[in-house]
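Residue strings, one per chain:
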Amino acid sequence: MPALTLNVNRLSRLVGKELTPGEIAELTASLGMSVEEVSDTEVKVEYNPNRPDFGCHVSLARALRGILGIELGSRRYSARGSSVAVEAEPSVEAVRPIIACALVRSLTLGEEEIADLIVLQEDLHWVLGRDRRKVAIGLHDYTRVRPPFIYRGVGLSDIRFIPLGSYEEMTPQEILEEHPTGKKYSWILKGKNLAPIILDSRGNVLSFPPIINASLTELRPGAKDIFIDVTGTDEKAVNQALNILVTTLIDMGGVAYQTLIRYVGRRRKVYTPDLTPSKWVLDPKYVSTLIGLDASGATAVKALKRMRMNARLFRGKVLVEVPPYRVDILHQVDLVEDVAIGMGYHGLEPVLPATAGLGALLESSRILALIRPLMLAMGYTEVVNTTLSHSERDFKWMLIPGEPGIRILNPVSTLYDSMREMLLPGLLSNLAANSMNPYPQRIFELGDVMVRDDTLPERARRETHLAFATCHSTASFSEIKSHLEEIFRTMELDARLSSKDYPFFIPGRGAAVLLGEVEVGFMGEVHPAVLENFGLYMPTAGCELNLSLAGLF
Amino acid sequence: MSGHGAEELELHPLERRVLNLILSEGPLSFDEIAARLGVNVGAVAKSAEWLAGKGLAEPSKSSVIHVVTLGEEGLAYVERGLPERRLVEALKSMGGEASLKQIESLGAFRGDELNIGIIWAKRNGWISVLKSDGEVMFHLEKYPSAKTDEELVLEILKRGAVNLEDLGPIRPACERLGRRPGVLRMNEVARHVLSPTKKALSLPPQLLEEREEVTQLTPELLSSGGWRSKIFRKYDIYAPVKPVLAPRLHPLTHIIELIKSIFVELGFEEIRGPLVELAFWNFDALFQPQDHPAREMHDTFYLSTPSKGQPPELAANVGRVHYDGGGTGSKGWGYEWSIEEASRLVLRTHTTATTIRHLAQNSKRPLKVFTIDRVYRNERVDWRRLAEFHQVEGILVDKRANFRELMGIIKEFYSRIGLKKVRFRPSYFPYTEPSAEVDVYVERRGSWVELGGMGIFRPEVTAPLGVKEPVLAWGLGLERLALLLLDVNDARTLYQNDLRWLLSLSPLRLEKTRVSG
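The shown structure was predicted, so the numbers you read here are calculated from the model rather than taken from an experiment. (Residues numbered from 1 in each chain as written. Chains lettered and ligands numbered in written order. Predicted model: local features only at pLDDT ≥ 70, side-chain atom pairs only at ≥ 80, totals over all residues. Heavy atoms only, no water.)

Participant: What am I meant to see in the overall build of chain B here?
Facilitator: When helices and strands are counted, chain B shows 23 helices and 19 strands. Rg of the C-alpha trace for chain B: 43 Å, well past the compact-globule value of 24 Å for 517 residues, more than 25% over. Viewed in the frame of its principal axes, chain B has a C-alpha envelope of about 120 × 85 × 50 Å. For chain B, the proportion of its 517 residues judged to be buried stands at 51%. Here the contacts in chain B between residues at least 6 apart in sequence split such that 70% fall between residues at least 24 apart. (Helix = DSSP H or I, 4+ residues; strand = E, 2+ residues; numbered from the N terminus. Rg over C-alpha atoms; globule rule 2.2 N^0.38 Å. Buried < 20%, exposed > 50% of the residue type's maximum accessible area, 1.4 Å probe, protein only. Contact = heavy atoms within 4.5 Å.)

Participant: Could you clarify how one ought to interpret the packing of aromatic side chains in this entry?
Facilitator: Where two aromatic rings form a pair, the distance of their centres and the angle of their planes describe that pair. All names here are of chain B. Tallied over the entire structure, the rule returns 25 aromatic pairs over all chains. Ring pairing ties together the aromatic residues Phe263, Phe268, Phe370, Phe413, Tyr414 and Trp474, which thus form one cluster. The ring of tryptophan 120 has arginine 123 lying over it, and the distance from NZ or CZ to the ring centre is 4.5 Å. (Phe/Tyr/Trp six-rings, centres within 6.5 Å; stacked < 30°, edge-to-face > 60°. Lys NZ or Arg CZ within 6 Å of the ring centre and 35° of its normal.)

Participant: Can you help me understand the interface of chain A and chain B in this one?
Facilitator: Think of interface size as the accessible area that goes away when the parts come together; that is how it is often given. Listed per partner, the contact involves 88 residues of chain A and 96 residues of chain B. Both faces considered, chain A and chain B share a buried interface measuring about 7,700 Å² in area, 58% of it formed by carbon and sulfur atoms. On the chain A side of the contact with chain B, Leu330, Tyr345 and Arg462 of chain A bury the most area, a combined 9% of that side's loss. The interface formed by chain A and chain B holds eight salt bridges in total. Here glutamate 257 of chain B makes a salt bridge to arginine 372 of chain A, at a shortest N to O gap of 3.7 Å. Here chain A and chain B share 51 residue pairs in polar contact (both at pLDDT 80 or more) between them. For the side of chain A that touches chain B, the elements supplying multiple residues, two or more each, are α2 (21–30), α8 (284–291), α10 (332–343), α11 (363–377), β18 (381–382), β20 (407–408), β22 (441–452) and β23 (460–471) of chain A. The element contributing the most residues to the side of chain A that touches chain B is β22 of chain A, with six residues. Partitioned by chemical class, the residues of the side of chain A that touches chain B number 46 nonpolar, 26 polar and 16 charged. Inspection of the sheet shows β20 of chain A paired to strand β12 (residues 303–305) of chain B by two bridges, in the antiparallel sense. Looking at the pairing, isoleucine 408 of chain A lines up with leucine 303 of chain B of β12 of chain B. (Buried area = accessible area lost by both parts, 1.4 Å probe. Salt bridge = Lys/Arg side-chain N within 4 Å of Asp/Glu carboxyl O. Polar contact = N/O pair within 3.5 Å; in protein donor to acceptor, adjacent residues only side chain to side chain. Nonpolar A, V, L, I, M, F, W, Y, C, P; charged D, E, K, R; others polar. Pairing = 2+ DSSP bridges.)

Participant: Help me understand helix α9 (residues 171–179) of chain B, please; the structure alone is not making it clear to me.
Facilitator: Think of an α-helix as turning once every 3.6 residues; residues three or four places apart then point the same way. Residues and elements named next belong to chain B. Turning to α9, its buried residues number three or more, namely Ala173, Cys174 and Leu177. One side of α9 holds all its buried residues, which, seen down the axis, span an arc of 100 degrees. Next to the buried residues of α9 lie β2 (57–70), α8 (149–158) and β7 (184–196). (Arc of directions from axis to C-beta.)

Participant: Help me understand a nonpolar patch on the surface, please; the structure alone is not making it clear to me.
Facilitator: Residues and elements named next belong to chain B. Taken together, the side chains of Leu217, Leu222, Trp227 and Phe232 make up a nonpolar region of the molecular surface, amounting to roughly 360 Å² of accessible area. Along the chain, tryptophan 227 turns up in the loop between α12 (219–224) and β9 (231–232). Looking at tryptophan 227, the relative accessible area reads 33%, which means it is partly exposed. (Patch = residues over 30% accessible without salt bridge, like charges linked within 9 Å, V, L, I, M, F, W, Y side chains within 5 Å. Areas by Shrake-Rupley, 256 points an atom, 1.4 Å probe, with all protein chains shown as cover.)

Participant: In this structure, what is going on with empty space enclosed by the protein? I would like to understand it.
Facilitator: Over the atoms a probe the size of a water molecule is rolled, and this reveals where empty space is left. Summed over all chains, the structure comprises seven cavities of 30 Å³ or more. Its volume calculated, the largest cavity comes out at about 490 Å³. The wall of the largest cavity is formed by 26 residues, among which Leu368, Arg372 and Leu446 of chain A together with Ile256 and Lys260 of chain B lie closest to the centre. Among the elements of the structure, α11, β22 and β23 of chain A together with α13 (251–265) and β14 (367–376) of chain B are those that each provide at least two residues to the lining of the largest cavity. If one sorts the elements of the lining of the largest cavity by residue count, α13 of chain B sits on top with five residues. The class makeup of the residues in the lining of the largest cavity is eight nonpolar, eight polar and ten charged. In this structure, the second largest cavity encloses a volume near 100 Å³. (1 Å grid on protein atoms, 1.4 Å probe; cavity = no way out; pocket = protein on both sides within 12 Å on 5 of 7 lines; lining within 4 Å. Points joined across faces, edges and corners; volume = space filled by probe spheres on them.)

Participant: Just to check I follow, could you spell out helix α17 (residues 352–361) of chain B for this structure?
Facilitator: With respect to burial, α17 of chain B is a largely interior element, eight of its ten residues being buried. Turning to α17 of chain B, its buried residues number three or more, namely Thr352, Ala353, Thr354, Thr355, Ile356, Arg357, His358 and Leu359 of chain B.

Participant: In this structure, what is going on with the sheet that holds strand β2 (residues 34–38) of chain A? I would like to understand it.
Facilitator: Working definition: the strands of a sheet are paired by backbone hydrogen bonds and lie parallel or antiparallel to each other. Residues and elements named next belong to chain A. Strands sit in the order β1-β3-β2 across an open sheet of three strands; the sheet is antiparallel. Every other strand in the sheet has two partners, leaving β1 (3–7) and β2 as the edge strands with one partner each. Averaged over all neighbouring strand pairs, the angle between strand axes comes to 25 degrees, with direction disregarded. (Axes fitted to C-alpha atoms, helices over the stretch in contact; angles between N-to-C directions.)

Participant: For this particular structure, what's the right way to read the pairing of strand β12 (residues 226–232) of chain A?
Facilitator: Walk down a regular strand and you will see the side chains alternate between the two sheet faces. Residues and elements named next belong to chain A. By the criterion of burial, β12 is predominantly enclosed, with seven of the seven residues buried. Neither face of β12 is open: one carries Ile226, Ile228, Val230 and Gly232, the other Phe227, Asp229 and Thr231, and all of them are buried. Summarising the sheet, strand β6 (residues 98–105) and β12 pair through seven bridges and their orientation is antiparallel. Following the sheet pairing, alanine 102 is matched in β12 by isoleucine 228. Bridge count for strand β7 (residues 135–141) against β12 is seven bridges, and the pairing is antiparallel. Note that in β12 the partner of glycine 138 across the bridge is aspartate 229.

Participant: When you look at the domain arrangement of chain A in this model, what are you seeing that I'm missing?
Facilitator: All names here are of chain A. Assigned domains within chain A: domain 1 (3–67), domain 2 (79–272), domain 3 (278–343) and domain 4 (363–546). Computed from C-alpha coordinates alone, the two centres of domain 1 and domain 2 are separated by 28 Å. At the junction of the two partners, domain 1 supplies 14 residues and domain 2 supplies 14 residues. Note on domain 1 versus domain 2: buried area summed over both sides is about 1,100 Å², and carbon and sulfur give 56% of it. At the boundary of domain 1 with domain 2, the tally comes to five salt bridges. The partner of arginine 13 in a salt bridge is glutamate 112, and the shortest N-O contact between them spans 3.0 Å. At the surface where domain 1 touches domain 2, the tally comes to seven residue pairs in polar contact (both at pLDDT 80 or more). Elements with a contribution of two residues or more to the side of domain 1 that touches domain 2: β1, α1 (8–15) and α3 (57–67). A per-class count over the side of domain 1 that touches domain 2 returns seven nonpolar, three polar and four charged. (Domains from an automatic or database assignment.)

Participant: Just checking my understanding: could you explain the domain arrangement of chain B for this structure?
Facilitator: Annotation of chain B at the domain level lists domain 1 (70–183), domain 2 (213–241) and domain 3 (252–276 + 349–516). The gap between the C-alpha centroids of domain 1 of chain B and domain 2 of chain B is 57 Å.

Participant: Quick question: what am I supposed to make of the environment of alanine 161 of chain B here?
Facilitator: Residue and element names in this part refer to chain B. Locating alanine 161 in the fold gives a position in the loop between α8 and β6 (162–163). Taking the C-alpha atoms as reference points, alanine 161 and methionine 186, separated by 25 residues in sequence, lie 9.6 Å from one another. The residues contacting alanine 161, other than those within four sequence positions of it, are Val67, Val68 and Thr69.

Participant: Help me out: how do you make sense of unusual backbone geometry in this one?
Facilitator: Peptide bonds are, in most cases, trans, and in most cases residues other than glycine have a negative phi. Residue and element names in this part refer to chain A. Going from proline 209 to proline 210, the amide bond is cis rather than trans, its omega being 0 degrees. Mapped onto the fold, proline 210 is located in the loop between β10 (205–208) and β11 (212–213). Here the amide bond leading from tyrosine 439 into proline 440 is cis, since omega sits at 0 degrees, within 30 degrees of zero. Inspection of the secondary structure puts proline 440 in the loop between α13 (424–433) and β22. Here aspartate 131, not a glycine, exhibits a phi torsion of approximately 60 degrees, which is positive. Tracing the backbone shows aspartate 131 in the loop between α4 (111–127) and β7.

Participant: Would you mind showing me how to read the sheet that holds β6 of chain B here?
Facilitator: Residue and element names in this part refer to chain B. Judged by pairing direction, the sheet is antiparallel, and its four strands sit side by side in the order β1-β7-β2-β6 without closing on themselves. Bordering the open sheet on either side are β1 (28–29) and β6, each of which pairs with just one other strand. Across two bridges, the pairing between β1 and β7 is antiparallel. From the neighbouring strand, serine 29 faces β7, where its bridge partner is valine 193. Across the face of the sheet, α8 comes into contact with β2, β6 and β7 while running at roughly 120 degrees to β2.

This is how it looks when you write it as structure tokens:
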């Protein structure tokens, strides 16, 4: 989740009310943020990715003023017409096809505001932009450039400019290979032979999205007019990011102007930003049934206004205007949640559901609960291992030729690369890890293994196994056999042993467990070579039964 | 410990016999007492200690004896013979004469043994040593056919420890052996004498009366009725006994059973679903867009073998909802949905994959089901995060179901676990609206702990499955709750299976935390 460090004084100033760190923590939590740290001067919060508009002091203050009742409803955000045009040439189609821009003037940006914008921009890159791949933003000092602008795909070595954080001119190629920011984001342009570049009418480079801006237009405290470019692959996300930035700048005191984007190749013209609020009709009955309380239309209107939306009653329905920065409203159900948050979750009294139901356990749960006491009574302590497993242990160490049936593509840890197919290797690992503890050691596990099964849509089947192992200086076949026979008797299984060699048992000291003609398990004395592989220097005998195959459930 | 119950003077049968002996014969050494009573010296020493503790007898040191046992070399000599003996045997077998090299080539002597053998054989006058042509030659002078005193000493010691003072004529040989390094071990032991005290002289006679006491009640004593004439020896109830470590169930099992019983009590039916799951059920059916960060490789385990499965027919409906809302009244995510991406196989990242499957395949209404099962996140494991863990998941489907009832289920659940203070915060999941995060207050820690999420499934989730009723859904972390209830900090502890830890846990601990919260 994106994080935000809130300065208590600054936020109080923006909200227009003296707030304590504790109050800020409580208010942000009531808006759905998770409070990470509270100090005397700062409150650290994380916000959910559906609300990228929470990303800085100014935009958060807007929300707090609403729930504090200082300012209700939404202001009318608008962008005036302007003659600023951006020409998107066909050469960008294959590289980074979408662009949206805006001009915001009459600002007075101090250090705090610029810091805010940088934090907001970075979080938008992450949340809406998927690390700049889908959306990338450039903020420019407008006084340094002259429209109209050109958005063009340029050969990687065909242009030179000074990027941010550098003092010399570089080609896009050089930036991608040498500049720290260039190297970090070069993956986005991998395989492309053109660099998306934004130029002004004099041929000055503004930006090389999604990599870096030119140092020419760097924002410095005192900047008054800002030109914003947002480029990307998804028009909706690009416009959302632009709207969030522009509305925040308007809240900082700026006046927004639209730009005309001309997609030359597509013969398409759009004006950005489009700050028109979206209009919704909300039925108060829908709100009441979903939340479970009689929320009248008036209550819903009040709550939505506290959430900074414009709302009014019309013929029993609530007409809602959602401001352009609220990118999370997809369905009227999202407005229902805003009503609930606006009313305050703490004010909603939990009630027990009136829906009756007949509780029941799965048959497998009931049967496993009967097997466990049997294992305890025979002296076995229960262990629980992960189903994530390591094939080297499960196969090589066990002297089993072959490969796991289910392999993981992308494990971050080398501890696992597959799903277990047997429980016994896990038990041997447990015993090896317990070599400092007193003997005899007897352990068992009841758990699932995964089996490849191409008849199922998900291509894999769960099977429940029981495995147990005894480990001490005189652990033997006969000890395990007597326990196994007691299990047969208790579970009323008409099973028998049949001589069979397994690579992980001492030859002549292993046996298959047969139910009819079906092999449902095996038992035996573990081969010393296997024990050595596990680093277990104590005789061990073990058994594993496939309970699913044994027809227990 | 003895000494407890000093009010009532009790004598062990052996104490009584020892005391009677020294009362009638006067002070005796421990050895004599042992010999007279036919018990070992250790038992006498023990009785003497008890009697001294009760003020009835007084042990005192009278003299010192030397106990001789075999040392490391001595043990080797007992096995292979003294080096000097082996040297003359070798010479004899080689015709009475041999060079040093010839003897060495036999390989019969280790380390210093040959030198030691030469020294003693020469000293005993058995051999002579000559040097000729730069070679050392040995000549057998006198072959000792009888056993030497030294050999006799070794033979006696082979049977066990001996007092030096008891050796008589062969004592000098023993002392000679004792001077050879490592052959013998000699311990000084004090000889003790036990004398009765004045208090013993004035003991009431019935205490000293030797009665037959029994230690163990036997079936024979019971069937013959013989127990009636016996006296049962009183035990030292404070004496330590052998510890028994009873086998245990794993604490996660106890917690899972506890939670299952609570949901069954609340009228929910248990269900279970696949661990290897189609991305479709894990993500797409839950309205998680295909470029959602949670679907990235560093969060989710994808499979390489097998890598793809078969999404159900209704997947097309879901794809349309992702694209433009598909008539659900939603705007959708506005992107081209791919069935390929939905066919990928993952290790399910949440048990919601199972509840949504169940919802799609089950038309029973109302529906109340839950599952407690494993889920996977592609993370590096540390004290807070596991790559495989459990979730407690459930849904309630009913025409009249609502958000406050969802809150009620969760509150009731935690209160039955002993966590009475629950709070709900707004939250976000792509598949629920309204959504909430659940925090519980933990008195012991004095803080709120985040334990799970909940919400009502979005119409974008339910409509393509043909579900019209509200679906209340929640998913809670099991391991976090387990750590709280067990008061453990490191999540890895739960899967380490350290027997010392497992056997130390009381199954009642859960019940106790349940009561105290």
